[in-house]
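Read off the chains here:
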Amino acid sequence: MDNESLNGTLVLVRPDLTVDPANGQGKVAIVNYESQQSKEVYVAFNNGREAIYPPESLLKLKNKNTILNDLMANGTAIPLSNFKDLYKISLLLDRGTNIAHWQALEVAGHNPEIWDKALQPAKPIEKQALEKAYAR
């Protein structure tokens, strides 16, 4: 399992969730606590509500350099509105503040066409567990 803790990380609840009792789809939240044993992530929304999600229900932004490099390499093939959103995300991330990071997640969450270019799973999916299974 990945040892990197999500505590304090800003995340986006997957906007495409079909079952979400907390109604957090597409909302930005901050990770309060991550339970390794139960594989649950406790998040808080800006309205004070809290919820529990499995890690696969949460997304985080890709590194700003990854986003910008993709824009520079493939910018001519990207529709203008998507290009603008990705560029805006990279500019917001460049500010380096939590508010700008929050705004960048909101921009990404509102445009499904750029999810694959701007977002990644908050936690890699049990990569090491699979490697161990093959090693046996």
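Criteria and thresholds
Residues numbered from 1 in each chain as written. Predicted model: local features only at pLDDT ≥ 70, side-chain atom pairs only at ≥ 80, totals over all residues. Heavy atoms only, no water. Phe/Tyr/Trp six-rings, centres within 6.5 Å; stacked < 30°, edge-to-face > 60°. Buried < 20%, exposed > 50% of the residue type's maximum accessible area, 1.4 Å probe, protein only. Helix = DSSP H or I, 4+ residues; strand = E, 2+ residues; numbered from the N terminus. Axes fitted to C-alpha atoms, helices over the stretch in contact; angles between N-to-C directions. Left-handed = near helix turned anticlockwise from the far one by under 90°. Contact = heavy atoms within 4.5 Å. Nonpolar A, V, L, I, M, F, W, Y, C, P; charged D, E, K, R; others polar. Pairing = 2+ DSSP bridges.

### Quick notes on the packing of aromatic side chains
- With the rule as written, the count across this model stands at two aromatic pairs.
- Pairing Tyr33 with Tyr42 gives two aromatic rings, centres 5.6 Å apart and planes at 55°, and the pair type is tilted.
- Overall, Tyr33 belongs to the partly exposed group, its relative accessible area being 41%.
- Accessibility expressed as a relative area gives 29% for Tyr42, which makes it partly exposed.
- Look at Phe83 and Tyr87: their rings are 6.4 Å apart centre to centre, the planes differ by 10°, and that puts the pair in the stacked class. Separated by four residues within a single helix, Phe83 and Tyr87 lie in helix 2 (residues 80–95), roughly one turn from each other.
- When its relative accessible area of 36% is taken as the criterion, Tyr87 is described as partly exposed.

### As for the packing of helix 1 (residues 64–74) against helix 2
- Two elements in contact, helix 1 and helix 2, have axes whose closest approach is 9 Å; the angle formed by their N-to-C orientations is 150°. For the pair helix 1 and helix 2, the crossing hand works out as left-handed. Residues Lys64, Ile67, Leu68 and Leu71 of helix 1 touch helix 2, and the partners they reach there are Phe83, Leu86, Tyr87, Ile89, Ser90, Leu93 and Asp94.
- For the contact of helix 1 with helix 2, the per-class residue count stands at eight nonpolar, one polar and two charged.

### Topic: the environment of Asp116
- If you trace the backbone, Asp116 turns up in helix 4 (residues 115–118).
- Residues Asp116 and Lys62, 54 residues apart in the sequence, show an inter-C-alpha distance of 9.5 Å.

### Concerning the pairing of strand 1 (residues 10–13)
- The side-chain alternation of strand 1 yields two buried faces, one formed by Leu10 and Leu12 and the other by Val11 and Val13.
- Where strand 1 lies against strand 5 (residues 58–61), two bridges are found, and the strand directions are antiparallel. Bridge pairing in strand 5 places Leu12 opposite Leu59.

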